[in-house]
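Each chain, written out:
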Amino acid sequence: MSELLKNFLPFLSWFENYASGKLRKDFVAGLTVALVLIPQSMAYAQLAGLPAYYGLYAAFLPPMIASLFGSSLQLATGPVAVVSLMTAASLEPLAAAGSGGYIAYAILLAMVVGLLQFLLGVLRLGLVVNFLSHPVVNGFTNAAAIIIASSQLSKLFGVNVDSASHHYETIMQVVQEALHYTHWPTLLMGVLAFAIMYGLHRVSHRIPSVLVAVVVTTLLSWATGFERHVSTDISNIESLAARKFVQVFNTSVKTVQDLAVQRTEMNNKLEEAKHSLDVVDEIKTRHEINLLSVEIKKLKFQAHVYRRELRRQLFTGHQRGDGSYRFYPRDEVPDGIETDGRTWRILIGNQVLSKEALVLSSGGAVVGQVPSGLPTFGIPDINLGIIFQILPYAAIIALLGFMEAVSVAKAMAARTGQRLDPNQELIGQGLANMVGSMANSYPTSGSFSRSAVNLQAGAVSGLSSVFTSLVVVIVLLLFTPLLYHLPQAVLAAVIMMAVIGLINVSGFVHAWNAQRHDGIISVITFVSTLAFAPHLDKGIMIGVVLSLLVFLYKSMRPTIASLCRDKDIDSLECGRRKLKECEYLAVVRFDGPLFFANASYLEDRIAEILLAKPNLQHILLVSNGISEMDASGEETLSLMVDRLKSAGIQISLSGVNESVREVLRRTHLLEKIGREHLYTISSRAITLVHQRVHEGNESSMAECPMTMTSEVTEKG
């Protein structure tokens, strides 16, 4: 088979020596992964701020496309926790979660993420992911795991709150509402799901614990009537306060909608003023837009206050003979009125409440209606203005998603011995997101947990992911009605169980032990991500900037060590062992490329040595660590040679690599230094230069600390 054809269609290599036994293994593995993927994808879709069934759309095409055009044979692609959280964070400023505009932006985001990944792969730029260092990713991932888990608390306790400007403020509101009122059946349903998943996981990793938890709790929800809603006229609410709050809430929301329309018209007018170069009209229009924005912000805050008060209104119901309900404040039931014993609350969102059909609930939240059939196919609506707004997030999601995918793929490749091509993996992930967006998918990536399941189930090729996609198709076509009664609290439990594996405290310790600045960067990224959430881009950008600053600082101030001899080791840093140096010879090791940013640093260090050693005769520059040299570095070295020679001090270089030697030759610096002053082996250079500086002075040779340690070494 042509290698060129394999490069364009990597999946063709699956079928070389492919037997029926392998087909059976791939089918079993694909089915097993699908049983985990279906409930997880629905949970992650809600984490992304989308209706649960959009997770099934994201589990439809991306797994198959990523496997067909990627290089990993066992990588399982689909919705993942971190990418879902980043999707919600990037779209929250643009539209209300779950709204039509929000869904359209999520699909467009998948297209942009996929395009970026595809271009990086085609251009062989997979190394760009190195901008996200492991300490930064570790800090971000740990913070994201905590944010993801805590974001599900409201669903677990059965309370609703408005999102605050910071995530920790939202969680504080959730705790306050949970103390005020917790829906115990919802909490018990979530706890039951936790118990099933944890218990079965302890028994055997082969049991699809997530699927079992979903099936059991869905059946329990259906059998007990877990969801309980009643639609009634506002006149059946025996609370003047509640009626008043409904009225003022509706007024605020309606006014916000009207003002938003006016602001859109004013923005159009502003564009016209810009094109016509009418400066006066432009200034006036901007002023009016600012006034409208201030008024909208004030009304939104008012609506938030009224919405919170309405959510805190707790009622009990009295069912009349005709089956209709009348609702009383829970603590103000008139004598002689027999109630149903339930606690009812008004369901309220961001839209105007219908006074004729006010919805009250005494049950728990479920997934609800899931559309049957495959998603509609088509290219997402291209909006350049929105693309430019989401582009920074798309770049972060593209890099994070790829880093997660390639890390998982590398881990499995190490176990299976297969060859992994990171750039081909980028192409596969990019195509998966682009093609997925044409079927209403939001951004996806490789999943560690599902990939592990795929490998353990015996997958031998990417065909297992094709079978996974086919199982999702069957579910979308035939079984979506069965998902109606799935409790939202169970999906919250699924997410919380999944992200436990993302928490890795040992990563901080490992980074600290490797380099203290890496540990500090990891902790700062962690704290920043938590502090700025839901604006997750700020946390990760702080980590990236700190990593680059440390890199620049280390590049500008590389290690320049004075070397001595010891009885145990041929040469080492004088300062670390507190060894004495030869007063006539300075052995200096330069670690790093010699270029414009650090050339003056070498010059300053040599000047310090000259001041410290008035009897200095020779400097040996150990150059094994100088990987390259630019024009500035060469110029600095040339001037330094001139100054030293004018001061009667010789200079030699040892361990010069070929690329640096070529620079010295082309600039004629080699002749200036003298070919006899270039040494291949540093240890030999130290011995020869040391003998040279002590020629004719045997007494100084005998008293030199480098001579004494050399003699001990030779005797040993």
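For every chain, the first residue of its written sequence is number 1, and the numbers climb from 1 along that sequence. Two thresholds apply to this predicted model, a pLDDT of at least 70 for residue-level local features and 80 or more for giving and counting side-chain atom pairs, whereas whole-chain, interface and lining totals are computed over all residues. The basis for every side-chain value is the complete set of heavy atoms in the structure, and neither hydrogens nor water enter the calculation.

Draft legend 1. Structural context of the overall build of the chain. Secondary structure elements are defined from DSSP: runs of H or I of at least 4 residues count as helices, runs of E of at least 2 residues count as strands, and each element is numbered from the N terminus. Each helix and strand in the chain was counted, giving 29 helices and 13 strands. The principal-axis extent of the C-alpha atoms belonging to the chain is close to 120 × 75 × 55 Å. Think of it in three bands: with a 1.4 Å probe and only protein chains considered, a residue is buried below 20% of the maximum accessible area for its type, exposed above 50%, and partly exposed in between. Residues counted as buried form 50% of the 716 residues belonging to the chain. Should any heavy atoms of two residues lie within 4.5 Å, those residues are counted as being in contact. Long-range contacts, defined as pairs at least 24 residues apart, comprise 78% of the intrachain contacts of the chain with a sequence gap of at least 6.

Draft legend 2. Local environment of helix 18 (residues 488-499). Compared with the 16 Å implied by 1.5 Å per residue over 12 residues, the 17 Å span of helix 18 between its first and last C-alpha is a close match. Counting buried residues along helix 18, 10 of its 12 residues qualify, which places the element largely inside the surrounding structure. Every buried residue of helix 18 is accounted for by Gln488, Ala489, Val490, Leu491, Ala492, Ala493, Val494, Ile495, Met496 and Val499. Looking at the buried positions of helix 18, the neighbouring elements they touch are helix 2 (20-47), helix 5 (81-91), helix 7 (134-151), helix 8 (153-157), helix 10 (184-203) and helix 11 (209-224). Take the number of residues in a helix, subtract one, and multiply by 1.5 Å to get its expected span.

Draft legend 3. Layout of the side chain of Asn138. Turning to its location among the elements, Asn138 is positioned in helix 7. Overall, Asn138 belongs to the buried group, its relative accessible area being 12%. Contacts of Asn138, omitting those with residues within four sequence positions, involve Asn504, Gly507, Phe508 and Ser522.

Draft legend 4. Region of interest: helix 13 (residues 279-311). End to end, helix 13 covers 48 Å across 33 residues, agreeing with the expected 48 Å (1.5 Å per residue, within 8%). Within helix 13, the full set of buried residues consists of Glu282, Thr285, Ile289, Leu292, Ile296, Leu299, Ala303, His304, Arg307, Leu310 and Arg311. Along its buried surface, helix 13 packs onto helix 9 (167-180), helix 12 (240-276) and strand 5 (345-346).

Draft legend 5. Expanded view of the pairing of strand 12 (residues 650-654). With four of five residues buried, strand 12 is to be regarded as a mostly interior element. Pairing of strand 11 (residues 618-622) with strand 12 involves five bridges; the strand directions are parallel. When the sheet's bridge partners are listed, Leu620 is paired in strand 12 with Ser652. Every crossover in which the path from the first strand over the helix to the second runs clockwise, viewed with the strands pointing away from the viewer, is termed right-handed. Between strand 11 and its parallel partner strand 12, the chain crosses via helix 24 (residues 631-646), and the hand of that crossover is right-handed. Any two strands with at least two DSSP-identified bridges between them are counted as paired. As judged from the two bridges shared by strand 12 and strand 13 (residues 678-679), these two strands associate in the parallel manner. The residue bridging Leu653 from the neighbouring strand is Leu678, located in strand 13.

Draft legend 6. The arrangement of the packing of aromatic side chains in detail. Note on ring pairs: Phe, Tyr and Trp rings are taken, using the six-membered ring of Trp, and paired if centres are within 6.5 Å. Classes follow the plane angle, with under 30 degrees stacked, over 60 edge-to-face and the rest tilted. Summed over the entire model, instances satisfying the criterion amount to 12 aromatic pairs. Where Phe60 meets Phe377, the ring centres are 6.1 Å apart and the plane angle is 75°; that geometry is what we call edge-to-face. Note that Phe60 is positioned in the loop between helix 3 (53-58) and helix 4 (62-69) and Phe377 in the loop between strand 6 (358-361) and helix 14 (384-416), a separation of 317 residues in sequence. The exposure class of Phe377 is exposed, given its relative accessible area of 53%. With 5.4 Å between their ring centres and 55° between their planes, Tyr325 and Trp344 make a pair best called tilted. In this pair, Tyr325 sits in strand 4 (residues 325-329) while Trp344 sits in the loop between strand 4 and strand 5, placing the two residues 19 residues apart along the sequence. Side by side, Tyr325 and Trp344 carry an identical accessibility label, which is buried. Aromatic ring contacts, followed pair by pair, group Tyr53, Tyr54 and Tyr57 into a single cluster.

Draft legend 7. How the structure looks around unusual backbone geometry. The omega torsion across Ala533 and Pro534 is 15°, close enough to zero to call that bond cis. Within the secondary structure layout, Pro534 lies in the loop between helix 20 (516-532) and helix 21 (536-556). A positive phi angle is found at Arg124, which is not glycine, with a value near 60°. Here Arg124 shows up in the loop between helix 6 (100-122) and helix 7. Of note, the phi angle at Leu277 is positive, near 60°, even though the residue is not glycine. Note on Leu277: relative accessible area 71%, which makes it exposed.

Draft legend 8. Layout of the sheet that holds strand 6. Strand order in the open sheet made by the three strands is 2-6-5, with antiparallel pairing throughout. Each edge of the open sheet carries a strand with a single partner, namely strand 2 (229-232) and strand 5. Inspection of the sheet shows strand 2 paired to strand 6 by four bridges, in the antiparallel sense. Looking across to strand 6, one finds that His229 is bridged to Ser361.

Draft legend 9. Representation of the packing of helix 20 against helix 21 in the model. As a rule, the C-alpha atoms of each element are fitted with a line to give its axis, helices using only the stretch in contact, and angles between N-to-C directions run from 0 to 180 degrees. With their axes 7 Å apart at the nearest point, helix 20 and helix 21 run at an angle of 160° to one another. On the basis of their axis angle, the class for helix 20 and helix 21 is roughly antiparallel. For the element pair helix 20 and helix 21, the recorded crossing hand is right-handed. Where helix 20 abuts helix 21, its residues His517, Ile521, Ile524, Thr525, Ser528, Thr529 and Phe532 lie against Leu536, Lys538, Gly539, Ile540, Ile542, Gly543, Leu546, Ser547, Val550 and Lys554. For classification purposes, angles smaller than 35 degrees are called roughly parallel, those larger than 145 roughly antiparallel, those between 65 and 115 roughly perpendicular, and all remaining angles oblique. If you view the pair so one helix is near and one far, a crossing is left-handed when the near helix is turned anticlockwise from the far one by less than a right angle, and right-handed when it is turned clockwise.

Draft legend 10. Representation of the pattern of salt bridges within the structure. A pairing counts as a salt bridge when a side-chain nitrogen of Lys or Arg comes within 4 Å of a carboxyl oxygen of Asp or Glu. A full pass over the atoms with the stated rule returns 17 salt bridges. Arg589 is the partner of Asp591 in a salt bridge, and the nearest nitrogen-oxygen pair spans 3.1 Å. On the accessibility criterion, Arg589 (21% relative accessible area) is partly exposed. Residues Lys672 and Asp642 are paired through a salt bridge, measuring 3.3 Å at the closest nitrogen-oxygen approach. Of the two residues, Lys672 sits in helix 26 (residues 669-673) while Asp642 sits in helix 24, which places them 30 residues apart along the sequence. A relative accessible area of 29% means that Lys672 is categorised as partly exposed. The exposure class of Asp642 is partly exposed, given its relative accessible area of 34%. Three or more residues are tied together by salt bridges with common partners; here these are Asp162, Arg307 and Arg311.

Draft legend 11. Up close: the environment of Arg320. With respect to the element layout, Arg320 can be found in the loop between strand 3 (315-319) and strand 4. For the pair Arg320 and Ala143, spaced 177 residues apart in sequence, the C-alpha to C-alpha distance is 52 Å.

Draft legend 12. Representation of the packing of helix 14 against helix 16 (residues 448-456) in the model. Packing of helix 14 against helix 16 leaves a shortest axis separation of 10 Å and a crossing angle of 20°. For the element pair helix 14 / helix 16, the angle class is roughly parallel. In the crossing of helix 14 with helix 16, the sense of the turn from one axis to the other is right-handed. Facing helix 14, whose interface residues are Val408, Met412, Arg415 and Thr416, helix 16 presents Phe448, Ser451 and Leu455. Polar here means any residue other than Ala, Val, Leu, Ile, Met, Phe, Trp, Tyr, Cys and Pro, which are nonpolar, and Asp, Glu, Lys and Arg, which are charged; Gly is therefore polar. Residues that form the contact of helix 14 with helix 16 fall into these classes: four nonpolar, two polar and one charged.

Draft legend 13. Representation of the confidence of the model for the chain within the structure. Averaged over every residue, the pLDDT of the chain is 88; residues scoring 70 or more account for 96%. Averaged pLDDT values for the elements of the chain fall to 52 in helix 29 (residues 705-715) and rise to 95 in helix 3. What pLDDT expresses is the predictor's confidence in each residue, scored from 0 to 100. Considering only residues more than four positions removed or in separate chains, one finds that residues 710-716, a stretch of pLDDT under 50, has four contacts.

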